Amino acid sequence: LHKAIRRQRQMCIRDRDIIGLTVKDADSGIVYGKITDVYQNGASDVYSIRREDGTELMFPCIDEVVLKTDIDAGEMIIRPLPGLFEDAVDGDGDGE
């Protein structure tokens, strides 16, 4: 029931509210970047993040990844699935 309620709340958030949110890692606190696009592919939305260096990361809007969306605070807290960002982010947040 908890996931169903959270999913319902997520669905009430409009794409325009998501664009510009800062995306942070739930465990490490790494700031991945800001959401620049929302792609709707049927099964789940996919969010695109623009990093400070201009590169792009993408992740699915699923309960296992998106833990918290706080429009008022301007942030989204995520826990990427294993391997999702490992090639782009090396753990210290600088991507090098």
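Throughout what follows, the structure given in this document is the object of discussion. No experiment lies behind these values; they were computed from the predicted model shown.

Bringing the packing of aromatic side chains into the picture now. By the definition in use, this model includes three aromatic pairs. Taken together, a centroid distance of 4.8 Å and an interplanar angle of 70 degrees make the contact between Tyr-32 and Phe-85 edge-to-face. With Tyr-32 in strand E2 (residues 31-40) and Phe-85 in the segment after strand E6 (75-78), the pair connects residues that are 53 residues apart, well separated along the chain. Each member of the pair Tyr-32 and Phe-85 is classed as buried.

Take the sheet that holds strand E1 (residues 22-25) next. Spatial strand order, E4-E3-E2-E1-E6-E5: six strands in an open sheet with mixed pairing. Of all strands in the sheet, those with a lone pairing partner are strand E4 (56-60) and strand E5 (66-70), marking the two edges. Each adjacent strand pair in this sheet contributes to an overall mean axis angle of 35 degrees, direction not counted. Sheet analysis places E1 next to E2, joined by three bridges and oriented antiparallel. Of the residues in E2, the one forming a bridge with Lys-24 is Val-31.

Right, let's get into the pattern of salt bridges. What the rule picks out here adds up to three salt bridges. Glu-75 is paired through a salt bridge with Lys-24; the nearest N and O atoms lie 2.9 Å apart. Of this pair, Glu-75 sits in strand E6 while Lys-24 sits in strand E1; the two residues are 51 residues apart in sequence, bridging distant segments of the chain. Judged by relative accessible area, Glu-75 falls into the buried class, the value being 17%. The exposure class of Lys-24 is partly exposed, given its relative accessible area of 27%.

This part takes up the environment of Lys-68. Within the fold, Lys-68 resides in strand E5. For Lys-68, a relative accessible area of 43% corresponds to the partly exposed category. Taking the C-alpha atoms as reference, Lys-68 lies 9.0 Å from Ala-26; in sequence the two are 42 residues apart. Here Lys-68 is in contact with Glu-75, Met-76 and Ile-77, once residues within four sequence places are set aside.

In this structure, E5 lies alongside E6, joined through four bridges in antiparallel fashion. For Val-66, the partnering residue across the bridge sits in E6 and is Ile-78.

This next bit is on the environment of Asp-72. Note on placement: Asp-72 falls in the loop between E5 and E6. Take Asp-72: its relative accessible area is 80%, and that puts it in the exposed class.

Criteria and cut-off values
- The numbering scheme is per chain: residues are counted from 1 as the chain's sequence reads.
- Given that the model is predicted, a residue must reach a pLDDT of at least 70 before its local features are reported, and side-chain atom pairs must reach 80 or more before they are shown or counted; all residues, however, enter totals for whole chains, interfaces and linings.
- Heavy atoms throughout the structure, all of them, feed into the side-chain values; hydrogens and water do not.
- Each pair of aromatic rings taken from Phe, Tyr and Trp, with Trp reduced to its six-membered ring, is defined by centres within 6.5 Å and is described as stacked if the planes are under 30 degrees apart, edge-to-face if over 60, and tilted in the remaining cases.
- Secondary structure counts use DSSP, requiring at least four H or I residues in a row for a helix and at least two E residues in a row for a strand, with both numbered from the N terminus.
- For every residue, the accessible area (1.4 Å probe, protein chains only) is compared with the maximum for its type, and the residue is labelled buried under 20%, exposed over 50%, or partly exposed between those bounds.
- If DSSP finds at least two bridges between two strands, the strands pair.
- Fitted lines through C-alpha atoms serve as axes, helices being fitted only where they are in contact, and the angles separating the N-to-C directions of these axes extend from 0 to 180 degrees.
- Within this document, salt bridges are pairs made up of a side-chain nitrogen of Lys or Arg and a carboxyl oxygen of Asp or Glu, the two lying within 4 Å of each other.
- In this description, contact between two residues means that some pair of their heavy atoms is separated by no more than 4.5 Å.

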